[in-house]
Structures are given as structure tokens and as C-alpha cells.
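Here is how the chains run, residue by residue.
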Amino acid sequence: MVVFVFRVAALATAIGALVSRAGCAFVTNTCLGTNLFSYFTVHSVFLLILTLLLSTCYTVFAGSEPRWLTVFRALATTYVVVSGVVFAALLANAALFNYLFLVPVSSKVLHFVLPIYAAADFLLGPRRNRLGWSTAWLAMVFPALWALYTLFRGQMVGWYPYFFLNPSKVGGYQAVGVYALGLSGFILLVALLTVAVTRLPSTPVEQGKKRGHEEDSASPRSRSPEMSLASRGQPVRH
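Q: Would you mind showing me how to read the nonpolar core here?
A: Core analysis: the biggest nonpolar cluster contains 47 residues, and Val45, Leu48, Leu114, Phe164 and Leu165 have the highest contact counts within it. For this core, the elements supplying multiple residues, two or more each, are α1 (2-21), α4 (40-61), α5 (67-92), α7 (105-124) and α11 (173-198). Per-element tally for this core: the top contributor is α5, with ten residues. Setting aside residues no more than four positions away along its own chain, Leu165 makes contact with Trp146, Thr150, Leu151, Tyr160 and Val176.

Structure, rendered in C-alpha cells:
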């Protein structure tokens, strides 16, 4: 029940933050909608919203999630955590990069609140499946496709969501490649840590539930009449 409440609250918070952030495109007209929805953070939060919706439904109706949903949650967690850490690093070094950041409340929620929640939910949430290490490599597919899309679109429209992907601001495509390589390594590291979480031993609570289930299955009510008679020392007639 606690997990359900937190996931519903996080789902509402994520949707509210995205709607508020989109106000610059659809309310105040201070940004282009096509530019807004080109940010990696926005894509990551969309994925997080979808996983929260699915995991909440499975919590209510199925009790446990399938393996593919755990993979889906691992990817979403990796992406939002990477977005939050990278954004925090850019804020801390804004003067060094000579870059101005405007951080409204919605942006703080998207970059800080949601990543912390996603990491906590994945780490502490019940009934997650054990994932293989290949999931970490799967996490590299979407960022690679997004980077190609961003570089191609940037050439077409002259706008990049992040300055380190803009060749004219960082000294050419070679510098962009260096940034991309560093980010790729960081994404892979976070993905590996996320997969490692699923391979940790079960928590005491989960172990207790498992033992309780095994004891229930071996209770006298679940035994056959022959086993019950034999346990009382009475002969079994066939």
C-alpha cells in the first residue's frame, strides 16, 4: 500500500512538472515546443511516467511485475538519474562554461526530485526481478539514437538542447565526441549499478514472505490424506 501511494504521488508530480515546464511553449510562447521536447530530460521523464503507470497497475492487479517491466524501470531510472547528475554538474560549473541556467520549480522537480525518487523506488521497491548484465548495454541504445537525432536536427535548425553538443561552442565535432564519450561511460556506469541492485540478496522482509509462503504450502491443510495418516502413524489403505 505504501509503495502504491508513493508511486501515485510520483506519477502526479512528474505529470504536473512536465505540464508546468511545457507552459513556455503553449502558454507564454517563450520557447518552441519542438525544442522543449528535444531535451533528454523530458524524454527520460516521459519514460519514467510510463513505467510508474505500468508498475502501479501491476502492484494493484497482479502483485508482482514481469521481467520486462523491471528492465523498463531500470532504463528509466538510469536515464533520469543521469539527467539529474549532469544537470547538477552543469549548474555547479555554469560560470566555467559561461552558460546561463534558468531553473524554475518545474525544472528542479524534473532534475532533482524525480531522480531521487526513481533511485529510491528501484532500490527499495518490492518484487523486482534479477536482471542480466546485458541490460546495461541495452541502456546505451536510446542515448545513442537521441544523440544522432540531436546532432542532425541541430545542423538543420541551428539549435542544440545542450551546449556540449553544439560544435560551434565547444570547438568542433571532435570536442563533441569527447563529451559524448564521457557521457556514454557515465550512462553505462549508472546502468551497471542499477542492474547490480537487482542482483543483491533479498531483503529480510522479502525472505520472510518467501519462507511464509513455503510454510503455507507445506501446512497440514495442503497435505494429501495419505500424508496426514502416515504422519499420525496410522496405516494407509489403498
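Q: Would you explain the side chain of Ser44 in this entry?
A: Mapped onto the secondary structure, Ser44 falls in helix α4. On the basis of relative accessibility, which here comes to 1%, the residue Ser44 falls in the buried class.

Q: Would you mind going over the layout of surface pockets with me for this structure?
A: Over the atoms a probe the size of a water molecule is rolled, and this reveals where empty space is left. Its boundaries defined by the atoms lining it, the second largest pocket holds a volume of some 420 Å³. Taken together, 23 residues line the second largest pocket, and the ones lying closest to its centre are Pro143, Trp146, Ala147, Leu183 and Ile187. Within the residue set of the lining of the second largest pocket, elements represented by two or more residues are α4, α5, α9 (141-157) and α11. Per-element tally for the lining of the second largest pocket: the top contributor is α9, with six residues. Class assignment for the residues of the lining of the second largest pocket results in 19 nonpolar, four polar and no charged.

Q: I'm lost on the pattern of salt bridges in this one. Help?
A: Should the charged atoms of two oppositely charged side chains come close, the side chains can pair. Applying the stated criterion to the full structure yields three salt bridges. Between Asp121 and Arg7 there is a salt bridge, with the nearest N and O atoms lying 3.1 Å from each other. With Asp121 in helix α7 and Arg7 in helix α1, the pair connects residues that are 114 residues apart, well separated along the chain. Like Arg7, Asp121 is buried. Here the residues in one salt-bridge network are Arg7, Glu65, Arg73 and Asp121, joined through shared partners.

Cut-offs used in this document
Residues numbered from 1 in each chain as written. Predicted model: local features only at pLDDT ≥ 70, side-chain atom pairs only at ≥ 80, totals over all residues. Heavy atoms only, no water. Core = buried A, V, L, I, M, F, W, Y, C linked by side-chain atoms within 4.5 Å. Buried < 20%, exposed > 50% of the residue type's maximum accessible area, 1.4 Å probe, protein only. Helix = DSSP H or I, 4+ residues; strand = E, 2+ residues; numbered from the N terminus. Contact = heavy atoms within 4.5 Å. 1 Å grid on protein atoms, 1.4 Å probe; cavity = no way out; pocket = protein on both sides within 12 Å on 5 of 7 lines; lining within 4 Å. Points joined across faces, edges and corners; volume = space filled by probe spheres on them. Nonpolar A, V, L, I, M, F, W, Y, C, P; charged D, E, K, R; others polar. Salt bridge = Lys/Arg side-chain N within 4 Å of Asp/Glu carboxyl O.

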